[in-house]
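# Structure at a glance
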Amino acid sequence: MAKTTRKRTPARQPPKASDVRPPVRHMTVIAQDPSVRQNGRILTARIAVPAEDLLPGPLGYRVQIVDYDSTRQYFHGRHALPASYDDEPTEWQRGSPQIVNDFRFHAQNVYALVMKTLARFEFALGRRLGWSFDNHQLKVAPHGMFDANAFYSPVEEGLVFGYFRGMSEQPVFTGLSHDVVVHETTHALLDALRERYLVPSNPDQAAFHEGFADVIALLSVFALPEVVAHLLDPVKGKPNSARPIPRAKILPKALRQSALFGLADQMGQELDGLRGSALRRSAEIEPADGILDEPDFLEPHRRGEIFVAAVIRAFIDAWSERVLSSGVERQKSFPMANVAQAGADVADALATLWIRALDYMPPVHLTFRDALTAALTSDTQVRPDDERYKLRHHLKAQFAAYGIAPVSTAGTAQSDCWKPAPVNLRYDRVRFESMRSDKDEVFRFLWENREALELQTEAYAKVLSVRPCQRTGIDGFVLRETVAEYYQVARLTPDELAGKRIKVPPAFLEHLKELQAERAAKAAAKPKANATLAGAEPAPDQDDTGPTPAGAVFDDDDFVTPVYGGGVLIFDEYGRLKYHVHNKVFGSEQQARLQYLWEEGLLKVKAESAGSRAARLSTLHRLRAIDARKWPSEGW
Ligand SMILES: [Zn+2]
């Protein structure tokens, strides 16, 4: 809502220790991006973020804005943000076009959206979240580089937002786009929660990082009633919230047209429609059963768009049904304010559902079917009654339309959910209290029950995290759980893999033989060279090292391939295991994974990899590559 005058607040008194300080404060942000306008003004929104007393930067307890431009090697200084909503300049709240050039406002925009996203995750998961690196504060550069790009960098412990010259020759700032800021923040949070999702595994997992970041970003935009109302009624003049919307415009097809395509058309007009077209591409993917098997959709970015399409279509269906069911039968029209609020509420609930689902997803080798099953299971736990928005119903229907069904657990009480944990588990040697926080205690539980839980003792196992959580449903229902995550790894030669009934791709085996032959040839050539140079006899032990080229025995440590497994353990408030979602290290699925990795050029043995640093950097490249598709970027 636009404000015309700036309220003056009385001079601030130092707070007394007894003062109760509000947990949240409000801040003005750009609702989507500067190109979404109403009556010539940039559409802004008022969002709630966790309250804190910021130092100039702004520097807070979880985020540090570093306004350094690495292209120009220039520091724009520390920005002191208004201490309260009422202290904000009038131009910010009115969406005056000048705010595009106000770097202090830019700092507030990225700070508020990163904090809002963090708060959204913390609320959904019912606990505090860290970042993926060992530091409390995420660094954010709102004008980090002259480039039409934005990315998350775990190495630099932060988010970098670029800027560039747009079509109209005016600078375009990626940090002013709501969806871009939330998208990058989501990458950072997802990486903190599921560090192994960046490791190559299967086509779905690669697609999920991108698809999930897009889903949270889009739902975050739709969760603003200001945006929804604007998309439904982009009229000139004063928006009239009492204006009725005819029933025909609330049917799913019409809503897809107005809200989805409307947003796609307005998003990033400066970018020649490139970013908007990412949403458009998702929205245009018509449901088809075998779509995931089509070669086009094996490419991770395209595949991620299917995930986005299924979730966003479910959102539209749930929203439409929510509005239509709120009226009497055959009601001809609905008040705009109610339609907009319903859209925002459904978007908010759906974002919460998907974030919550992360805890129920396996820590390695995620598939879309796993993701859907995790969403249905975790939502059933905290929101047993689906009547209010029918989110589970609509998700199931839309995922099914794209050929994605929950992992089958036929014969159990809730067939769309994960199979409950085995009942024959022993708890007598572990301490309930310690299980809520202690990795060693959880490992002991796992070890004591290794047979029932199918822990593979020949592989290395490690408990990665133990997190107690308290989740609140939309109806105030409180659920207490503890989530523990572990992973397993075994590094095996092809022969050892065969011993575990995991067949490696024949072409990979051929490749290894060639590698081996090369090494043998080198080893054979080396002593001769030494002999010529130094005039000495080759050392006797150098001659017979290395297997013969013809042999297919890879007993050398350099020819091992890692195979991963692992799981999540969900305990109830009494310390009993409810669910165990896991993948076996020596499971039969490994064969297909190895085949996929080989085809993608991602299957490497130790002899070929340049160590972990290279692996870390390739992660970065991947992330940049992921985002580059949205931007007319020259780099990756
Ligand atoms: Zn991305």
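Now for a quick tour of the structure.

## Looking at the environment of A375
Here A375 lies in helix α10 (residues 368-382). For A375, a relative accessible area of 0% gives the class buried. A C-alpha to C-alpha distance of 10.0 Å links A375 and L350, two positions 25 residues apart in sequence. Setting aside residues up to four positions removed in sequence, A375 forms contacts with L353, W354 and A357.

## What to know about empty space enclosed by the protein
One water molecule sets the probe size; rolling that probe over the atoms shows where empty space is left. Overall, the coordinates contain four cavities of 30 Å³ or more when judged by the stated rule. Forming the walls of the second largest cavity are R196, V199, P200, S201, Q205, V364, H365 and Y564. For the lining of the second largest cavity, the class distribution of residues is four nonpolar, three polar and one charged.

## Thoughts on the packing of aromatic side chains
Enumeration over the complete set of coordinates arrives at 19 aromatic pairs. For the ring pair F307 and F399, a centre distance of 5.9 Å and an interplane angle of 75° mean the geometry is edge-to-face. On the criterion of sequence distance, the pair formed by F307 in helix α8 (residues 300-326) and F399 in helix α11 (residues 391-401) is long-range, its members being 92 residues apart. Counting every residue linked through ring pairs, the aromatic cluster contains Y197, F208, F212, F307, W354, F368 and F399. The residue whose ring lies beneath R196 is Y564, and the NZ or CZ to ring-centre distance is 4.4 Å. One residue, R576, lies across the ring of Y427, its end atom 3.9 Å from the ring centre.

Calculation notes
Residues numbered from 1 in each chain as written. Predicted model: local features only at pLDDT ≥ 70, side-chain atom pairs only at ≥ 80, totals over all residues. Heavy atoms only, no water. Helix = DSSP H or I, 4+ residues; strand = E, 2+ residues; numbered from the N terminus. Buried < 20%, exposed > 50% of the residue type's maximum accessible area, 1.4 Å probe, protein only. Contact = heavy atoms within 4.5 Å. 1 Å grid on protein atoms, 1.4 Å probe; cavity = no way out; pocket = protein on both sides within 12 Å on 5 of 7 lines; lining within 4 Å. Points joined across faces, edges and corners; volume = space filled by probe spheres on them. Nonpolar A, V, L, I, M, F, W, Y, C, P; charged D, E, K, R; others polar. Phe/Tyr/Trp six-rings, centres within 6.5 Å; stacked < 30°, edge-to-face > 60°. Lys NZ or Arg CZ within 6 Å of the ring centre and 35° of its normal.

From the geometry alone we can't say anything about function, so treat these as descriptive.
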